[in-house]
Amino acid sequence: MANIAAKRVKREIKEVMKSEEIMGGAFKLELINNSWTELQGEITGPPDTPYESGKFLLEIKVPETYPFNPPKIRFITKIWHPNVSSVTGAICLDILKDQWAAALTLRTVLLSIQALLSEAEPDDPQDAVVARQYKEYPSIFAMTATHWTNVYAEGKKAIVDYNRRVQVLLEMGVEEHQARVALSTHNWNLEVATEELFS
Amino acid sequence: MIFLFTKQCPLSHTFPPESKRTNKMSAESDMEYSDNDGDDYDYYGEQDDCDMETVDRTKADPEYFLYSCLRVEEVEKLLNESIELLSNSLQITPSLAKVTLHAYEWNAQEIINKYKENANEVLVYSRVKSRVALGQAGSSRASCAVCASTPHLPKYSALACGHYFCNDCWSMHFEVQIKQGVSNTIQCMAQDCEVIAPEDFVLSHVTKPTLRERYQQFMFKDHVKSHPQLRFCPGPNCQWIFQAWAREGARRVECRGCELLTCFSCGAPHHAPTDCATIRRWLTKCADDSETANYISAHTKDCPKCQICIEKNGGCNHMQCGACRHDFCWVCLGDWKTHGSEYYECSRYKEDPNLANDSQHAQAREALKKYLHYYERWENHARSLKLEEQTLANLKRRINQKVMAGQGTWIDWQYLWDAARLLKRCRYTLQYTYPFAYYMEIGPRKELFEYQQAQLEAEIENLSWKVERAETTHRGDLENQMDIAEKRRTTLLKDFLEFNTKSISGSSKV
Ligand SMILES: [Zn+2]
Ligand SMILES: [Zn+2]
Ligand SMILES: [Zn+2]
Ligand SMILES: [Zn+2]
Ligand SMILES: [Zn+2]
Ligand SMILES: [Zn+2]
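All of these numbers come straight from a predicted model, not from anything done at the bench.

A. Structural view of the overall build of chain B. A tally of helices and strands in chain B yields 20 helices and 11 strands. Considering chain B as a whole, with its 510 residues, one finds that 44% of them fall into the buried category. For chain B, contacts bridging at least 24 residues in sequence account for 57% of all contacts bridging at least 6. Surface summary for chain B: the accessible area is close to 27700 Å², and the carbon and sulfur share equals 50%.

B. Local environment of the coordination of the zinc ion (ligand 1). Residue and element names in this part refer to chain B. On the protein side, the zinc ion (ligand 1) has Cys144 (SG), Cys147 (SG), Cys166 (SG) and Cys169 (SG) as donor atoms, found 2.2 to 2.3 Å from it. All donor residues of the zinc ion (ligand 1) come from one chain, and their arrangement in sequence is C-x2-C-x18-C-x2-C. Of the two residues, Cys147 sits in the loop between α8 (119–125) and β2 (156–157) while Cys166 sits in strand β3 (residues 165–166), which places them 19 residues apart along the sequence. The two residues Cys147 and Cys166 agree in class, both being buried.

C. Broad picture of the sheet that holds strand β3 (residues 55–61) of chain A. All names here are of chain A. Taken together, the four strands give an open sheet; going across it, the order is β1-β2-β3-β4, and neighbouring strands pair in antiparallel fashion. Pairing within the sheet leaves two strands with one partner each, and these edge strands are β1 (27–31) and β4 (72–75). Between one strand axis and the next, the sheet turns by 20 degrees as a mean value, whatever way the strands run. Of the strands in this sheet, β1, β2 (38–44), β3 and β4 are in contact with helix α2 (residues 106–118), which crosses β1 at around 135 degrees.

D. Region of interest: the interface of chain B and chain A. Counting from both sides, the interface comprises 16 residues of chain B and, opposite them, 15 residues of chain A. With both chains or domains summed, chain B and chain A bury close to 1300 Å², and 62% of this area falls on carbon and sulfur atoms. Where chain B meets chain A, there are zero salt bridges. At the junction of chain B with chain A, the criterion picks out six residue pairs in polar contact (both at pLDDT 80 or more). Sorting elements by how many residues they give to the side of chain B that touches chain A places helix α9 (residues 167–179) of chain B first, with five residues. Looking at the side of chain B that touches chain A, its residues break down into 10 nonpolar, five polar and one charged.

E. View of the coordination of the zinc ion (ligand 3). All names here are of chain B. Ligation of the zinc ion (ligand 3) by protein atoms is provided by Cys233 (SG), Cys238 (SG), Cys255 (SG) and Cys258 (SG), these donors lying 2.2 to 2.3 Å from the ion. On the primary sequence, the residues serving as donors to the zinc ion (ligand 3) are separated as C-x4-C-x16-C-x2-C. Here Cys255 lies in the loop between β6 (252–254) and β7 (261–263) and Cys238 lies in the loop between β4 (230–232) and β5 (241–244), a separation of 17 residues in the sequence. Take Cys238: its relative accessible area is 14%, and that puts it in the buried class. Under the relative-accessibility criterion, Cys255 is labelled buried at 3%.

F. A look at the pairing of β3(A). Residues and elements named next belong to chain A. Here β3 shows one buried face, formed by Phe56, Leu58 and Ile60, and one open face, formed by Lys55, Leu57, Glu59 and Lys61. Pairing analysis gives seven bridges linking β2 to β3, with the strands arranged antiparallel. Directly across from Glu38, in β3, lies its bridge partner Lys61. Both β3 and β4 contribute to a ladder of four bridges, which runs antiparallel. When the sheet's bridge partners are listed, Glu59 is paired in β4 with Arg74.

G. View of the side chain of Ser82(B). Mapped onto the fold, Ser82(B) is located in helix α5 (residues 72–90). On the basis of relative accessibility, which here comes to 17%, the residue Ser82(B) falls in the buried class.

H. A look at the packing of aromatic side chains. All names here are of chain B. A full pass over the atoms with the stated rule returns 32 aromatic pairs over all chains. Measuring from ring centre to ring centre gives 6.0 Å for Tyr371 and Tyr438, while their planes differ by 75 degrees; the resulting arrangement is edge-to-face. One end of the pair, Tyr371, is in helix α15 (residues 360–404); the other, Tyr438, is in helix α17 (residues 433–439), and 67 residues separate them in sequence. Look at Tyr438 and you get buried, because its relative accessible area is 12%.

Definitions and limits used
Residues take numbers from 1 onward in each chain, read along the sequence in its written order. Each chain gets a letter, beginning with A, and each ligand a number, beginning with 1, in the order they are written. Only residues with pLDDT of at least 70 are given local features in this predicted model, and only at 80 or more are side-chain atom pairs given and counted; all residues enter the totals for whole chains, interfaces and linings. Calculated side-chain values reflect all of the structure's heavy atoms, with hydrogen atoms and water omitted. Strands here mean DSSP runs of E at least two residues long; helices mean DSSP runs of H or I at least four residues long; both are numbered from the N terminus. Each residue is assigned to one of three classes by its accessible area relative to the maximum for its type, calculated with a 1.4 Å probe on protein chains only: buried under 20%, partly exposed between the two thresholds, exposed over 50%. The contact rule is simple, with two residues in contact once any of their heavy atoms fall within 4.5 Å. Accessible areas in this description were obtained via Shrake-Rupley with a 1.4 Å probe; residue shielding takes into account the shown protein chains only. Here the term donor refers to an N, O or S atom within 2.8 Å of the metal (or 3.2 Å for Na, K and Ca), and because water is left out of the atoms, sites may appear incomplete. We treat two strands as partners when DSSP finds at least two bridges between them. For helices, the fitted axis covers only the stretch in contact; all axes are lines through C-alpha atoms, and the angles between them, taken along N-to-C directions, range from 0 to 180 degrees. A 1.4 Å probe defines the accessible area here, and the buried area is the portion of it lost by two parts on being joined, summed over both. Counted as salt bridges are all cases of a side-chain nitrogen of Lys or Arg within 4 Å of a carboxyl oxygen of Asp or Glu. Two N or O atoms form a polar contact when they lie within 3.5 Å of each other; inside protein one atom must be a possible hydrogen donor and the other a possible acceptor, and for residues adjacent in sequence the pair counts only when both atoms belong to side chains. Note that Gly is not counted as nonpolar here; it falls among the polar residues with everything else outside the nonpolar set of Ala, Val, Leu, Ile, Met, Phe, Trp, Tyr, Cys and Pro and the charged set of Asp, Glu, Lys and Arg. Here is the rule: rings of Phe, Tyr and Trp (six-membered ring for Trp) pair when centre to centre is within 6.5 Å. Planes less than 30 degrees apart are stacked, more than 60 are edge-to-face, and the remainder are tilted.

Here's what the structure looks like:
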C-alpha cells in the first residue's frame, strides 16, 4: 500500500511542476524528506482578497493508506480565516474529511484551499471567533485578515492603524503575537483587549 | 399449547369452555412430544403464567409496551425476508435491494410504490445510480486515475456511474474502508461521485476471509441501526436485539440475555416517567457537573445523634444507628419519625420564593443547591439499587438454605423473592422521578407530582425495611406493603408518563 502512496506522490509532484508554469506560480509543492510521507506546499493568496500577494506555507502529511485516505494538511503560516484555526492552522474543508475521494490529487486539494481563501464558508467554521467577526463586522474582518497577511505572509498591504495599536500593547510589555490575537479577537478595541490581557 | 396451561394451572376453570376442544387436540400432541417435554415442564413450572393476577397486572401496567427480544439469527431472517421481498417484486439483485432498503429505512412497501412511479428516482435516491447521465460521467480505461498504472483492459471495473478504476485499487479502497468500519456506504473513488458500492461488488474485490467476515458483521450492525423497528441491547457484550413498532416516549424493553432495562425510543437506560429529551439533558448535566456532585457519593455518614460513623450496606434509606438505636433518614439525616407521616417531606425540594430578588451569585448558588438536592436523591437510589442486587442474591441463598433444610418448598418462599423483585422495580421508577421533577415548572402539577413521589418514596422505604427483615416480618404484612408500593408506582406512572397523559386533553395540564 505504501508503494502506491509513494508512486502517487511522485507523479503528483511532477503534475504540479508542469502546472506551475500555467498557474503562474500560484502554488508550489516540495518534499520534506525522501520517504514521500511529508511535503510542504505553498499557495499564493488570490487577488482581490485580503490574502492577496501573501505566501502561505502548508504542512502536508501523506498517510500510509494514501490515496485511499486523505492527506493531513494544515497552515504553517498564521492566517485569519473563518475556516482555519488561528491557533493551530487546522483547516475545515470537506474534501480533507468525508468528501475525500481516492481519485482526488494534492493539486486539486491545494486548488480547493486556494478557493477557500477566495470564498470562506462561515457556516462551517473552524475558528468561531473569526467566523463571528466575518459575519458581524465584515470590514473589520477584511482589514484584520489583510493585516495578518502583511505581518505573517509577506503581504504587501499594511494596515497602519492596526500596526499602531499593536505597538501600544508592545510598549506595555505584551508579547507581539499575543497582542495581535487579543486585538483581533476584540475587533481592535484597545481598551477591551488591554483589560483581557491584564485581568 | 394452551393445554399445558389447563392441565397445571389451578385457575383453569376461568378459561372459556372451548378449551375442552383444545384439550382434546392437544392430548395427541402431548403424546407426540412426550419424550422431549423436559423443557416445557421447566417453563411451566415457573408458575407466573398461571397466575391470573399477574396477567391482569401486566394489562394494568402503565408502562406496558409490546416488543420482542430477538437473537441475531432471528433478526437476520427478518431482514432477509425484506430483502427477498424487494428483490423479487422489483426484479433486482439482493445486493441492490439491501442498498435501497438501507436508504429507505427498510420500508419495502414505500420502495415498491415509488419504484412503480419512477424507478430511476428510487435508484438515484438510494445512490445506486448517479444523478448525472451515464455519458457525462464515466472515465476511460486507458489508465487508472488512482494508482496511475496502466493495467490491461479486463482488469478494470466500475459501478453504475461508469467510473472505471483498476481492480487492485478497488480492493485496497474496500480494505481501507472496511478497516475503518464502513460497510453500507462505501462510495465510488471518483471525485464528487456519491454512488455506493453494493455488497456483491465489494465482495467480488475482497478475498481475505477475515475482511469479508468483518464487512458482513458491520453491515448487519448497520442494518439494525438503520432499522426503525430494531435496536441493539446496549448491555456490554450483549447480542440480543429488540423489535418494536413505536419510537416515541419512554418505552420499556427488558433484555432476555442481560436483563437490562432500556428505552426503545432513545436507547438510554429506561427512564419513565421522564421523557427521552429530558433524560438526555439530565444525563449530560450530571456528566458535566460530576465534579461538583462528587462529594455526595461517600458511602459513610455520621449518625446525627451520636456522631458515630455508619456505613450504608443495604438499599434502605431508613437507617438505624447500631450504637444509639437512633432511627434516621440516610438522605436528609432527619429523624425517621418525621418521614413516617403521610406527607414525606424529604423528597420535596423547597424553592426559595425570594429568589428573583437575589443577586446573580446567590441565584447561581441556589441553582446548584437545587440541582444537588435532586442529584443526591437520584444518585442515592441508583446506589440503593446496586445494593439491593446483593440483597436479592442473599435472599436467594437464604431461601435455598430453607428449602434444603426442609422448611417448605421454593413455592412457599416465592413471595419473598417477589417482594424483592418488586422493590427493585419500584426503586428504579423512583430514581427516574428525580430528573423529571428537576425540570418541572413550579405549579400545581409539580406539587401533585412531588406529593405522589413522596408517597412512593415512603412506601418503598417501608417495603425495603420489611424485605431486609423478611424473616421476622409477617407474610401478610409484607404482601400488603408490596401491594401499596406497586399501587403508588403505577398511579404515578399513569398520571405522568408522557404517552398516558397525551391522550388526556389539555385539561389535566394545569
Ligand atoms: Zn489503480
Ligand atoms: Zn463513480
Ligand atoms: Zn442485553
Ligand atoms: Zn427514551
Ligand atoms: Zn447513633
Ligand atoms: Zn429524609
